[in-house]
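# Structural overview
As a plain string of letters, each chain reads:
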Amino acid sequence: MSSLPFRTTPAKEDPPPEFLCPITLDLMRDPVAAPTGITYDRAAITSWLHSGGQRTCPVTHAELRAGDLVPNHTVRRLIQDWCSRGDVELVPDTPEAAAVAELEGATRAGDAERCAAAARWVRRQAQLAERNQGRLASSGAARALAAAFASFADAAAGAAATSDDALDAVLAALALVLPMDEEAIVAVGTSSASVARLSAVAANGGLHSRLQAVVVIREIISSSCHRYGAAAVDLRANTEAVVHVLVKTIKDAICPQATRACLVAVYHLACAGESAAARLAAAGLVPALVELLVDADRSTAEKALAALDAALVSSDGRARARADALAVPVLVKKMFCVSDAATDLVLSALLRICKKFPEDDMDGTAAAGRRLSIIEALQVGALQKVLLLLQAGCREETKEKATELLRVIVRYQGRVECVDTMDFRGLKRGTTILTT
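Rules and cut-offs
Throughout this description, residue numbers start from 1 for each chain and increase along the sequence as written. Only residues with pLDDT of at least 70 get local features here, since the model is predicted, and only at 80 or more are side-chain atom pairs given and counted; chain-wide, interface and lining totals rely on the full set of residues. Values reported for side chains reflect all heavy atoms of the structure, with hydrogen atoms and water molecules removed beforehand. Numbering goes from the N terminus for both helices and strands, where a helix is a DSSP run of H or I of at least four residues and a strand is a run of E of at least two. For every residue, the accessible area (1.4 Å probe, protein chains only) is compared with the maximum for its type, and the residue is labelled buried under 20%, exposed over 50%, or partly exposed between those bounds. Whether two residues are in contact is decided by their heavy atoms, any of which lying within 4.5 Å being enough. When DSSP locates at least two bridges between a pair of strands, those strands are taken to pair. Salt bridges are defined as contacts in which a side-chain nitrogen from Lys or Arg sits within 4 Å of a carboxyl oxygen from Asp or Glu. Only Phe, Tyr and Trp rings are paired, with Trp represented by its six-membered ring, and only when their centres lie within 6.5 Å; those with planes under 30 degrees apart are stacked, over 60 edge-to-face, the remainder tilted. Only when the NZ atom of a Lys or the CZ atom of an Arg is both within 6 Å of the ring centre and within 35 degrees of the ring normal do we say a charge sits over the ring. Throughout this description, the term nonpolar core refers to a set of buried Ala, Val, Leu, Ile, Met, Phe, Trp, Tyr and Cys residues connected via side-chain atoms within 4.5 Å. What the arc covers is the set of directions going from the helix axis to the C-beta atoms. All axes here are fitted lines through C-alpha atoms, helices being fitted over the stretch that makes contact, and every angle between N-to-C directions spans 0 to 180 degrees. Working rule for angles: under 35 degrees goes down as roughly parallel, over 145 as roughly antiparallel, 65 to 115 as roughly perpendicular, anything else as oblique. Each crossing is labelled by how the near helix is turned from the far one, with a counterclockwise turn of less than a right angle marking it left-handed and a clockwise turn marking it right-handed. When residue character is reported, Ala, Val, Leu, Ile, Met, Phe, Trp, Tyr, Cys and Pro are called nonpolar, Asp, Glu, Lys and Arg charged, and the others, Gly included, polar. By this rule the span expected of a helix is its residue count minus one, scaled by 1.5 Å.

### Here we look at the overall build of the chain
Of the regular secondary structure elements, the chain holds 21 helices and three strands. Counting every position in the chain, which comprises 436 residues, the buried fraction comes to 49%. Excluding contacts between residues fewer than 6 apart, the proportion of contacts in the chain whose partners are at least 24 apart in sequence is 69%.

What follows is the structure in structure tokens.
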């Protein structure tokens, strides 16, 4: 539970009406918002719902449950600002609130040592118990840590080496109190120095630091694209660095958590537009994903297939997949072997590789690569698997992809000899058949 860290003393002016709880008419200590759009003090509305046996919003009379309440950080900050300007003495009344207040105070003062100490306390508490993570999140710890990281990253960019320890401590704590709200994401994501720092740590830091950095990068990219829209952050100043470090981390396979975090990030980045997908392909994403898929577990395989399918939106991604000797065989091998969702992604990826696209080059290279990929697909049994899928039944969307892929590859039936998908040595990469 989050509580505003204050006790009131006689004020020179009455608080604004919107700062008062509709139930108690007192200044709210822990403002929480109901789905009805009304903000209450947590203690008052909880007492109303539990002790009073009520199941409705006191103001709108709509149905309301305690689990529907969420912290209203905006109102909380406004009340804090109002208190700081008046005669209301701020006194933290929970350890979590005290830590957040200390982080915010240290950030405003530019005190790296104080900030590092507060961040280490947050990290220790988050590691002790999962419920502590919830309390820290409700107290706005992610937002305070994100603001601190952005502030001290800017200072470090100005050659303030004393900020390094604070940045490391803040990053370690921030990775444990996710998810980040929009304000936290904007604080870090719009700071060029912050993104550059995260990229540098993810590329060259220690094992734990690299994991923490890519987890935060994933949060920034995926949340800004999925929850808040691509306009929430602008990574253009650091796109090359971010793309490089994500692909590098996938190749390095430092740990499963880091790999999955990078897969989620590259998927959302590739979905942001063909230009981003082309940058990822140019950085070597396609062969990295193909190699990862060979022995990936289910969760990793699904994420890798989603990222690969998104990368193949670009003509460069398709060209690199067609040039990779393992791409088509590995994709065909994954049909029926992972999950229904994975099979759907395999069909989508194979269709992008085998289908003719107007934007592909017109000098014959793309056409030759496309025909060779179709032949390889037939060699490793793609036709039989697609027919089996259609006979066994599948979702309508998957059926449409399978039918379209069937139309693309069936015209080459009879030109090749099938081989076992487990024996990639049986593949023939010759080009003589392409001219027939």
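### What about the sheet that holds strand 3 (residues 70–71)?
Read across the open sheet, the three strands follow the order 2-1-3; overall the sheet is antiparallel. Edge strands, defined here as strands with exactly one partner in the open sheet, are strand 2 (39–41) and strand 3. Sheet topology note: the strand 1 (residues 31–33)/strand 3 ladder contains two bridges and is antiparallel. Each bridged residue has a counterpart across the sheet, and for valine 32 the counterpart in strand 3 is proline 71.

### Considerations on the pattern of salt bridges
Going through the model one piece at a time under the given rule, you end up with 19 salt bridges. Between glutamate 219 and arginine 218 there is a salt bridge; the shortest N-O distance is 4.0 Å. Judged by relative accessible area, glutamate 219 falls into the buried class, the value being 6%. Residue arginine 218 is classed as partly exposed on the basis of its relative accessible area of 24%. Between glutamate 404 and lysine 355 there is a salt bridge, and its shortest N-O distance comes to 2.9 Å. Of this pair, glutamate 404 sits in helix 21 (residues 396–409) while lysine 355 is found in the loop between helix 18 (340–354) and helix 19 (365–379), placing the two residues 49 residues apart along the sequence.

### Some words on the packing of aromatic side chains
For the coordinates displayed, the defined rule picks out one aromatic pair. Plain terms: the ring middles of phenylalanine 19 and tryptophan 82 are 6.5 Å apart, the flat faces sit at 70° to each other, and that makes the pair edge-to-face. On the criterion of sequence distance, the pair formed by phenylalanine 19 in the segment before strand 1 and tryptophan 82 in helix 2 (residues 73–85) is long-range, its members being 63 residues apart. For the pair phenylalanine 19 and tryptophan 82, a shared accessibility class is recorded, and that class is buried. Over the ring of phenylalanine 357 we find lysine 355, and its NZ or CZ is 5.9 Å from the ring centre.

### A look at the environment of serine 138
Following the sequence through the fold, serine 138 ends up in helix 5 (residues 130–138). Residue classification places serine 138 among the buried residues on the basis of a relative accessible area of 17%.

### Section: the nonpolar core
Ranked by internal contacts, the top residues of the largest apolar core, which has 114 residues, are Leu145, Leu198, Leu246 and Ile250. The contact partners of leucine 198, leaving out residues within four places of it in the chain, are Phe149, Leu171, Val188, Ala213, Val216, Ile217 and Ile220. One finds Val32, Tyr40, Val75 and Trp82 within the second-largest nonpolar core, a separate group that totals 18 residues.

### Considering helix 16 (residues 315–323)
Among all positions of helix 16, only Gly317, Arg318, Ala321 and Arg322 are buried. Mapping the buried residues of helix 16 onto a view down its axis gives an arc of 130°, with all of them on the same face. Considering only its buried residues, helix 16 is in contact with helix 13 (274–282), helix 14 (285–293), helix 15 (298–311), helix 17 (327–334), helix 18 and helix 19.

### A closer look at the environment of phenylalanine 336
Relative to the helices and strands, phenylalanine 336 is located in the loop between helix 17 and helix 18. It is 8.6 Å that separates the C-alpha atoms of phenylalanine 336 and leucine 389, two residues lying 53 residues apart in sequence. Among all residues touching phenylalanine 336, those that are not within four sequence positions of it are Thr343, Lys385, Leu388 and Leu389.

### Section: the packing of helix 15 against helix 18
One way to put it is that helix 15 packs onto helix 18 with a least axis distance of 9 Å and a crossing angle of 25°. Viewed along their axes, helix 15 and helix 18 adopt a mutual orientation that is roughly parallel. By crossing handedness, the relation of helix 15 to helix 18 is classed as left-handed. Within the contact between the two elements, helix 15 uses Glu302, Leu305, Ala306 and Asp309 and helix 18 uses Ala341, Ala342, Leu345, Val346, Ser348, Ala349 and Arg352. In terms of residue class, the contact of helix 15 with helix 18 is made up of seven nonpolar, one polar and three charged.

### Quick word on helix 6 (residues 141–157)
Taking 1.5 Å of rise per residue, the 17 residues of helix 6 would be expected to cover 24 Å, and the 24 Å separating its terminal C-alpha atoms lies within 8% of that figure. Of the residues making up helix 6, those classed as buried are Ala141, Ala142, Arg143, Ala144, Leu145, Ala146, Ala148, Phe149, Ala150, Phe152 and Ala153.

Purely spatial values, then, with no claim about function.
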